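# A look at the structure
Single-letter residue listing:
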Amino acid sequence: MLHHILVKFTPDAGDHAALESRIRALFGQALAVLGMEAVRVFPSCIDRPNRHDLMIVMTLSREGLAAFDASPVYARWKAEFGPVIAQKTIFDCE
């Protein structure tokens, strides 16, 4: 399945390109999670107030999603980036 995470950063989040680089490095480690097949990170190409800033797309099994949610990568994601995320949308599809 595809697991999408769309992120809108807080106004004081800082340099979005630097955040993207750190997020890309962190989610690269998710490839070690059982059931994870691929991870892609896409920055938005349009800077408007009504747009999200970044999208993470993971290809994984349903069991892989549960494994990811229990992983150190997910814990770091929440701890390190939670404070700079104003809004997050999750969407899963086949």
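Owing to the predicted nature of the structure, the values given are computational and were not obtained by experimental measurement.

### A few points about the packing of helix α1 (residues 16-28) against helix α3 (residues 72-81)
Where α1 meets α3, the axes come as close as 10 Å, and the angle between the chain directions of the two elements is 160°. As judged from the angle between their axes, α1 and α3 are roughly antiparallel. The handedness of the crossing between α1 and α3 is right-handed. Between α1, through Leu-19, Arg-22, Ile-23, Leu-26 and Phe-27, and α3, the contact on the second element is made entirely by Val-73, Arg-76, Trp-77, Glu-80 and Phe-81. Partitioned by chemical class, the residues of the contact of α1 with α3 number 7 nonpolar, no polar and 3 charged.

### A word on the pattern of salt bridges
Under the criterion given, the structure shown has 4 salt bridges. For the salt bridge of Glu-80 with Arg-22, the shortest nitrogen-to-oxygen distance reads 3.8 Å. Highlighted residues: Glu-80 in helix α3 and Arg-22 in helix α1, separated in sequence by 58 residues. With relative accessibility at 42%, the residue Arg-22 sits in the partly exposed group. One salt bridge connects Arg-76 with Glu-80, and the closest N-O pair in it is separated by 2.8 Å. Residue Arg-76 and its partner Glu-80 are both found in helix α3; the two are separated by 4 residues, about one turn of the helix. The exposure class of Arg-76 is partly exposed, given its relative accessible area of 35%. Salt bridges linked by common partners bring Arg-22, Arg-76 and Glu-80 together as one network.

### Description of the packing of aromatic side chains
The full count for this structure, using the stated rule, is 4 aromatic pairs. For the pair Phe-68 and Tyr-74, a centre-to-centre distance of 5.5 Å together with 65° between the ring planes defines the contact as edge-to-face. Relative accessible area serves as the criterion here: at 1%, Phe-68 is assigned to the buried category. Aromatic side chains Trp-77 and Phe-81 sit 5.6 Å apart centroid to centroid with 35° between the ring planes, which places their arrangement in the tilted category. Taken together, the residues span about one helical turn, with Trp-77 and Phe-81 both in helix α3 at a distance of 4 residues. With relative accessibility at 2%, the residue Trp-77 sits in the buried group. By the ring-pair criterion, three or more aromatic residues cluster together here, those being Phe-27, Phe-68, Tyr-74, Trp-77 and Phe-81.

Reading guide: rules and limits
Residues numbered from 1 in each chain as written. Predicted model: local features only at pLDDT ≥ 70, side-chain atom pairs only at ≥ 80, totals over all residues. Heavy atoms only, no water. Axes fitted to C-alpha atoms, helices over the stretch in contact; angles between N-to-C directions. Helix = DSSP H or I, 4+ residues; strand = E, 2+ residues; numbered from the N terminus. Parallel < 35°, antiparallel > 145°, perpendicular 65-115°, else oblique. Left-handed = near helix turned anticlockwise from the far one by under 90°. Contact = heavy atoms within 4.5 Å. Nonpolar A, V, L, I, M, F, W, Y, C, P; charged D, E, K, R; others polar. Salt bridge = Lys/Arg side-chain N within 4 Å of Asp/Glu carboxyl O. Buried < 20%, exposed > 50% of the residue type's maximum accessible area, 1.4 Å probe, protein only. Phe/Tyr/Trp six-rings, centres within 6.5 Å; stacked < 30°, edge-to-face > 60°.

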